[in-house]
Amino acid sequence: MARFEDRLWADLTRLHDSGIALELHREPRSKSRKTPLMVGGIASAGAGIAVAIALSVGGASTAYAVSPNSDGSVTVTLNELVGVSGANTQLEKLGVSVRVAKVEAACAPIEPVTPVSPEVATTTTQGAVQSVTVQPSAVPTGDTLALAAQEVDGHVAVVPALVRGSAPSCVAPVKELTATPLQ
Amino acid sequence: MGYSIADPTSRQKTAAEAPSDPGAPSKFEGIYRKHCGAVTAFFARRSHDPQVVADLTADTFVEAMSSFSSYDPCRGGARPWLIAIARRVFAKYCEDVTRERDVAHRAFIQANVDADETEELLRRIDAEREGRELIKRLSHLSPLEREAIELVDIAGLTPKEAAVALGLPSGALRVRLFRARGRLRKEQLHHGKI
């Protein structure tokens, strides 16, 4: 039972570390309701345990969450742009070549734009919240995975992009990459 | 089966607020590691489906984590506390199945078990085969009598722990256990199984 037990514990830890308040109330659901979306965890089908969380609105949700996973990956969740520096502090502490960069029009663009393979990072969305799970060991040596964060329709969209060297503190709008649409 | 998240400002305590005790996360892990198997076995006695077993086990520990701040070890220990949560989780699941709700709609944990985990869970389900068969044979007993037998004679809880898990006074549990064992013994003698 070790593998199932360890995987479940990793997800429980992620829930706890993200500081997201959980209150469980059961509501009747109609069959027509869409499948709840997934946030955090491992997004590829059948690849393990993923965590789906519906965040409270206007409550005690945190600005960001950085959660190391048992397989070495790291999940970054940004609820508000104000959480960018806090997330980067945590990423630096973890010693990973991943940084969040705010998208601002006056900043330099990422050139060239390198699409990110699923082995490096996957993005999942739950309601208004987008998370990126990064496998730091898959980031090429000398590169940094920049998570370009921008506000879209009142929510924070995060687009991963590989950059040479260290990540900038901000980037121009990333037009070439399509952010995972918020559902 | 669906869950939604209520406004946490309406709650008195939340999991995020719980660590006024900084050791709470490691204490919870200790409880988790010690009793994950028992909770999984509880559901393995109730379902052949490893996905269902995985999901319900996950649901139980999410709920346990959320309510850990209110957990009182003096009230009977972690195992009966977790079993009590597991019972509620299973009851909700059965209700959803009965009402034909889309039980695939899960709001907080979707345990998409991989092949290795499936194999582990299937081994657990197989290990609980005798327990499942016994529970089927107990179907004529009242639900509480059946659960008393299961928790004490199959899951290995003490009568006091089983009482806590079932929300019964200890004496009432012992009476039910005594009656249930008596009926079972009578039935076995009748059918020549002893």
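Residues numbered from 1 in each chain as written. Chains lettered and ligands numbered in written order. Predicted model: local features only at pLDDT ≥ 70, side-chain atom pairs only at ≥ 80, totals over all residues. Heavy atoms only, no water.

Some thoughts on the overall build of chain A
Then comes step 1: Helix and strand counts for chain A come out as two helices and ten strands.
Then comes step 2: Across chain A, helices and strands are ordered from the amino to the carboxyl terminus as α-β-β-β-β-α-β-β-β-β-β-β.
Then comes step 3: Within the span of chain A, comprising 183 residues, buried residues form 50% of the whole.
Then comes step 4: Taking contacts inside chain A between residues at least 6 apart in sequence as the whole, the part at least 24 apart equals 60%.
Then comes step 5: Accessible area for chain A stands at about 8,300 Å²; split by element, carbon and sulfur atoms hold 53% of it. (Helix = DSSP H or I, 4+ residues; strand = E, 2+ residues; numbered from the N terminus. Buried < 20%, exposed > 50% of the residue type's maximum accessible area, 1.4 Å probe, protein only. Contact = heavy atoms within 4.5 Å. Areas by Shrake-Rupley, 256 points an atom, 1.4 Å probe, with all protein chains shown as cover.)

A closer look at the state of the cysteines
Residue and element names in this part refer to chain A.
Then comes step 1: Taken as a whole and assessed by the stated rule, the structure comprises one disulfide over all chains.
Then comes step 2: At a sulfur-sulfur separation of 1.9 Å, the disulfide partner of Cys107 is Cys170. The sign of the S-S torsion, about -95°, decides the handedness of the disulfide formed by Cys107 and Cys170: left-handed. One end of the pair, Cys107, is in the loop between strand S5 (98–103) and strand S6 (121–126); the other, Cys170, is in strand S10 (residues 170–171), and 63 residues separate them in sequence.
Then comes step 3: By relative accessible area, which is 19% here, Cys170 ends up buried. (Disulfide = S-S within 2.5 Å.)

Focus: the environment of Leu82(B)
Residues and elements named next belong to chain B.
Then comes step 1: Relative to the assigned elements, Leu82 resides in helix H3 (residues 78–98).
Then comes step 2: Spatially, the C-alpha atom of Leu82 lies 9.3 Å from that of Ile31, the residues being 51 residues apart in sequence.
Then comes step 3: Residue contacts for Leu82: discarding those within four places in its chain leaves Ile31, His35, Val39, Thr60, Phe61 and Ala64.

What about the pattern of salt bridges?
Then comes step 1: Inspection of the entire model under this criterion finds 22 salt bridges over all chains.
Then comes step 2: Its salt-bridge partner being Asp116(B), residue Arg3(A) comes within 3.8 Å of it at the nearest N-O pair. A residue pair is termed interchain when its members come from two chains, as with Arg3(A) in helix H1 (residues 2–17) and Asp116(B) in helix H4 (residues 115–127).
Then comes step 3: When the shortest N-O distance is used, the salt bridge between Glu117(B) and Arg7(A) registers 3.6 Å. Within this pair, whereas Glu117(B) is found in helix H4, its partner Arg7(A) is found in helix H1, the two belonging to separate chains. (Salt bridge = Lys/Arg side-chain N within 4 Å of Asp/Glu carboxyl O.)

Focus: helix H6 (residues 143–154) of chain B
The α-helix winds at 3.6 residues per turn, so residues separated by three or four positions along the chain end up facing the same way.
All names here are of chain B.
Then comes step 1: An ideal rise of 1.5 Å per residue puts 16 Å on twelve residues; H6 measures up with 15 Å between its terminal C-alpha atoms.
Then comes step 2: Within the sequence span of H6, burial applies to Glu145, Glu147, Ala148, Ile149, Glu150, Leu151 and Val152.
Then comes step 3: Of the residues trailing H6, Gly156 is marked for its positive phi of about 85°. (Expected span 1.5 Å × (residues − 1).)

Here we look at the packing of aromatic side chains
Then comes step 1: Under the criterion given, the structure shown has ten aromatic pairs over all chains.
Then comes step 2: Note on Trp9(A) and Phe28(B): the rings are 6.1 Å apart at their centroids and 25° apart in plane angle, and the pair reads as stacked. With Trp9(A) in helix H1 and Phe28(B) in helix H1 (residues 24–44), this residue pair bridges two chains. Of the two residues, Trp9(A) and Phe28(B), neither departs from the other in class, the shared state being buried.
Then comes step 3: A ring pair is formed by Phe68(B) and Trp81(B), whose centres lie 6.1 Å apart and whose planes are at 45°; its orientation type is tilted. One end of the pair, Phe68(B), is in the loop between helix H2 (50–66) and H3; the other, Trp81(B), is in helix H3, and 13 residues separate them in sequence. Each member of the pair, Phe68(B) as well as Trp81(B), is classed as buried.
Then comes step 4: Connected via pairs of aromatic rings, a cluster forms that spans Trp9(A), Phe28(B), Tyr32(B), Phe61(B), Phe68(B), Tyr71(B) and Trp81(B).
Then comes step 5: One cation-aromatic arrangement involves Arg46(B) over Phe42(B); the distance from NZ or CZ to the ring centre is 3.7 Å.
Then comes step 6: Across from the ring centre of Phe90(B), 5.6 Å away, lies the NZ or CZ of Arg46(B), which sits over that ring. (Phe/Tyr/Trp six-rings, centres within 6.5 Å; stacked < 30°, edge-to-face > 60°. Lys NZ or Arg CZ within 6 Å of the ring centre and 35° of its normal.)

Describing the sheet that holds S10(A)
Residues and elements named next belong to chain A.
Then comes step 1: Sheet architecture is open: four strands sit in the order S9-S8-S5-S10, paired in mixed fashion. Strands at the two margins of the open sheet, each flanked by one partner only, are strand S9 (155–164) and S10.
Then comes step 2: Alignment of S5 against S10, held across two bridges, turns out to be parallel. Counterpart to Val103 in the pairing with S10 is Val171. (Pairing = 2+ DSSP bridges.)

Some thoughts on the packing of H1(A) against H4(B)
Then comes step 1: As a packed pair, H1(A) and H4(B) sit with axes 8 Å apart at the nearest point and diverge in direction by 115°. Here Ala2(A), Arg3(A), Phe4(A) and Arg7(A) of H1(A) come into contact with H4(B), specifically with Asp116(B), Glu117(B), Glu120(B) and Leu121(B). (Axes fitted to C-alpha atoms, helices over the stretch in contact; angles between N-to-C directions.)

Here's the deal with the nonpolar core
Then comes step 1: Within the largest apolar cluster, 53 residues are counted, with the highest numbers of intra-cluster contacts made by Leu12(A), Phe28(B), Phe43(B), Phe61(B), Trp81(B), Leu151(B) and Leu173(B).
Then comes step 2: Going through the elements one at a time, H1 of chain A together with H1, H2, H3, H4, H6, helix H7 (159–166) and helix H8 (170–190) of chain B are the ones with two or more residues in this core.
Then comes step 3: Once residues lying within four places of it in the same chain are set aside, the contact partners of Trp81(B) are Phe28(B), Ala64(B), Ser67(B), Phe68(B) and Tyr71(B). (Core = buried A, V, L, I, M, F, W, Y, C linked by side-chain atoms within 4.5 Å.)

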